[in-house]
Number of protein chains: 2
Amino acid sequence: MNIFIAHINGQIAELTSEESWHCTKVLRMKAGESIHLIDGTGNFYEGTLSVVNEKKSIATIQSGPKQQNKHPYYLHLAIAPTKNIDRMEWMVEKAVETGIDEITFVRCKNSERTVIKEERLIKIAESAVKQSLQAYIPKINGLTNFNDVIKSDADLKFIAHCEENHKKTLKDFELTNRKSLVLIGPEGDFTREEIDMAKKEGFSEISLGQNRLRTETAGLFVVSNFSIIHLK
Amino acid sequence: MNIFIAHINGQIAELTSEESWHCTKVLRMKAGESIHLIDGTGNFYEGTLSVVNEKKSIATIQSGPKQQNKHPYYLHLAIAPTKNIDRMEWMVEKAVETGIDEITFVRCKNSERTVIKEERLIKIAESAVKQSLQAYIPKINGLTNFNDVIKSDADLKFIAHCEENHKKTLKDFELTNRKSLVLIGPEGDFTREEIDMAKKEGFSEISLGQNRLRTETAGLFVVSNFSIIHLK
């Protein structure tokens, strides 16, 4: 099943230029064909293509909106981008498939990467949303300084680092119907200073288990934690 | 910290040729240097390099064995390889980092890939073991026919497929101290016939949540389920 992202206005769905191109040039769809649509804010629609153009295609809504059954939490993952950008790209794809609300890339003391192609990561997130049959497009924020990230608004704030001490796990907290912010550090981990700054801002230190996980694996593991805890 | 895989015989550790090459040519280590070792069956050692040769290096054990704190379950993941082998390679890396005991690649009716470079996947698994500071090297089995896989020995057998019906999740089962076999299907999913055959062999149908996950994401999600359920 192909899903397209569109701006919905009453009974009219206007496909983005990229979606129009995919619809016309790749799938060679024609006017009159029925089409599955999402608005990116949680709603599914079905429509019929009226105008089919590689720059701008339009469909008439036949049914919907049908709301996506949203997971009962808000997860904001703040992660230091890896030196190898492919690892971040797959993490974004997998995090979106598994279920996430917001991703921010963090500039830390030990960050090995200082540039992020936000646009490309947003595209990856959008196709993962469609591929996994969701209707919400998570928010993807570009590189942000650690000091600003730790001041972000959230009900629960967590920092996962590799320093040895007795830490709790995400299972020890009540995450349901709360907004959580989880910080994952760079390959070189957070500095002691960064950890202390985060703790001053109300962050709880958490453990992701005994294995030393790569940055991108840790990020996805956190997303899986929220999903699995709420699995019904 | 660099960890090397070695054959341990009394106080003598013999590095595999590949590890010897890495030790000498990449890290340029010299006789007399101390080295961290694993035997691949759960034991950590520390030793001192005595013979340093790109084909065969030898270390004398100084301390160990120290047993890895093994997770309290046995997870055998049986998964249909994806058309794009990169997706299987990262799944193997991430599954090993997260914690797995055995992976078998399954030849299904709808499989898009009929060849697996087992050796390469074993190498990926080995480096993931070392990178995540573990001492157990999981078993990686090559392509096996669906009919043989469903007859594999396990205390609990699960099949995850996309057909709509009321399914349980892994959280509904007692997985601790048991050997579990979990089957993940190809991009085109299992056929109805395959699902029925598995059920006849005692497999329980499970759901991995409401999002449609890619094959490799589903595989890793299962591994994360076991790890998170047992997170302390």
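Residues numbered from 1 in each chain as written. Chains lettered and ligands numbered in written order. Predicted model: local features only at pLDDT ≥ 70, side-chain atom pairs only at ≥ 80, totals over all residues. Heavy atoms only, no water.

(A) Structural view of the overall build of chain A. Looking only at helices and strands, one finds six helices and 11 strands in chain A. Each principal axis of the C-alpha atoms in chain A carries an extent, and together these give about 60 × 35 × 30 Å. Each of the 232 residues in chain A was classed as buried or not, and the buried ones make up 56%. Partitioning the contacts of chain A with sequence separation of at least 6, the portion at a separation of at least 24 is 73%. (Helix = DSSP H or I, 4+ residues; strand = E, 2+ residues; numbered from the N terminus. Buried < 20%, exposed > 50% of the residue type's maximum accessible area, 1.4 Å probe, protein only. Contact = heavy atoms within 4.5 Å.)

(B) The interface of chain A and chain B, seen in detail. Contacts between the two partners involve 37 residues from chain A and, on the opposite side, 37 residues from chain B. Summed over both sides, the interface of chain A with chain B buries roughly 3,100 Å², with 50% coming from carbon and sulfur. If you sort the residues of chain A by the area they bury against chain B, Arg212, Ile228 and Leu231 of chain A come out on top, with a joint share of 22%. On inspection of chain A and its partner chain B, the count reaches eight salt bridges. Here Glu97 of chain B ties to Arg214 of chain A by a salt bridge, and the two come within 4.0 Å at their closest N and O atoms. At the level of secondary structure, the elements contributing two or more residues to the side of chain A that touches chain B comprise helix H2 (85-98), helix H3 (118-131) and helix H6 (215-229) of chain A. A class-by-class count of the residues in the side of chain A that touches chain B yields 11 nonpolar, 16 polar and 10 charged. (Buried area = accessible area lost by both parts, 1.4 Å probe. Salt bridge = Lys/Arg side-chain N within 4 Å of Asp/Glu carboxyl O. Nonpolar A, V, L, I, M, F, W, Y, C, P; charged D, E, K, R; others polar.)

(C) Local environment of the relation of the copies chain A and chain B. Rotating chain A by 180 degrees and translating it 0.0 Å along the rotation axis places it on chain B, where the RMSD comes to 0.0 Å. Such values leave the two copies arranged in the relation of a two-fold axis. Residue Ser224 of chain A of chain A places its C-alpha closer to the rotation axis than any other residue of that unit, at 3.4 Å. Most of the interface of chain A is mirrored in chain B, where 100% of its interface residues again form contacts. (Least-squares fit on C-alpha atoms with pLDDT ≥ 70 in both.)

(D) Summary view of the packing of H2 of chain A against H3 of chain A. All names here are of chain A. Close contact between H2 and H3 brings their axes to 8 Å; oriented N to C, the two are set at 35 degrees. Between H2 and H3 lies a crossing of right-handed hand. Here Met88, Glu89, Val92, Glu93, Val96 and Glu97 of H2 lie close against H3, whose contacting residues are Arg120, Leu121, Ile124, Ala125, Ala128, Val129 and Gln131. Taken together, the residues of the contact of H2 with H3 sort by class into eight nonpolar, one polar and four charged. (Axes fitted to C-alpha atoms, helices over the stretch in contact; angles between N-to-C directions. Left-handed = near helix turned anticlockwise from the far one by under 90°.)

(E) Broad picture of the pattern of salt bridges. All names here are of chain B. Summed over the entire model, instances satisfying the criterion amount to 36 salt bridges over all chains. Lys83 serves as the salt-bridge partner of Glu112, at 3.7 Å between the closest nitrogen and oxygen. With Glu112 in the loop between strand E7 (102-107) and helix H3 (118-131) and Lys83 in the loop between strand E6 (74-79) and helix H2 (85-98), the pair connects residues that are 29 residues apart, well separated along the chain. For Glu112, a relative accessible area of 46% translates into the label partly exposed.

(F) Quick look at helix H6 (residues 215-229) of chain B. The end-to-end C-alpha separation of H6 of chain B is 21 Å, in line with the 21 Å expected for 15 residues at 1.5 Å each. With 14 of 15 residues buried, H6 of chain B lies mostly within the body of the structure. (Expected span 1.5 Å × (residues − 1).)

(G) A look at the sheet that holds strand E5 (residues 58-67) of chain B. All names here are of chain B. Ordered by their spatial adjacency, five strands build a closed barrel running E1-E2-E5-E4-E3, and the pairing between neighbours is mixed. Each adjacent strand pair in this sheet contributes to an overall mean axis angle of 50 degrees, direction not counted. Here five bridges tie strand E3 (residues 34-38) to strand E4 (residues 43-51), and the two strands are oriented antiparallel to one another. In the sheet register, Ser34 faces E4, and the bridge partner there is Thr48. Packing of helix H1 (residues 17-26) onto the sheet brings it into contact with strand E1 (3-9), strand E2 (12-15) and E4, and relative to E1 it is tilted by some 130 degrees. Together, E1 and E3 form the strand contacts of H3, whose direction differs from that of E1 by roughly 100 degrees. (Pairing = 2+ DSSP bridges.)

(H) How the structure looks around the pairing of E1 of chain B. All names here are of chain B. Note: E1 against E3, three bridges, orientation parallel. When the sheet's bridge partners are listed, Ile3 is paired in E3 with His36. In this sheet, E2 lies alongside E1 in antiparallel orientation, the contact comprising four bridges. Within the sheet, the bridge partner assigned to Ile8 lies in E2 and is Ala13.

(I) Representation of the environment of Ser63 of chain A in the model. Residue and element names in this part refer to chain A. Structurally, Ser63 can be placed in strand E5 (residues 58-67). Ser63 sits in the partly exposed class, given a relative accessible area of 34%. A sequence separation of 18 residues divides Ser63 from Tyr45, and the C-alpha atoms of the two residues are 5.7 Å apart. With sequence-adjacent residues up to four places away left out, Ser63 is seen in contact with Tyr45 and Glu46.

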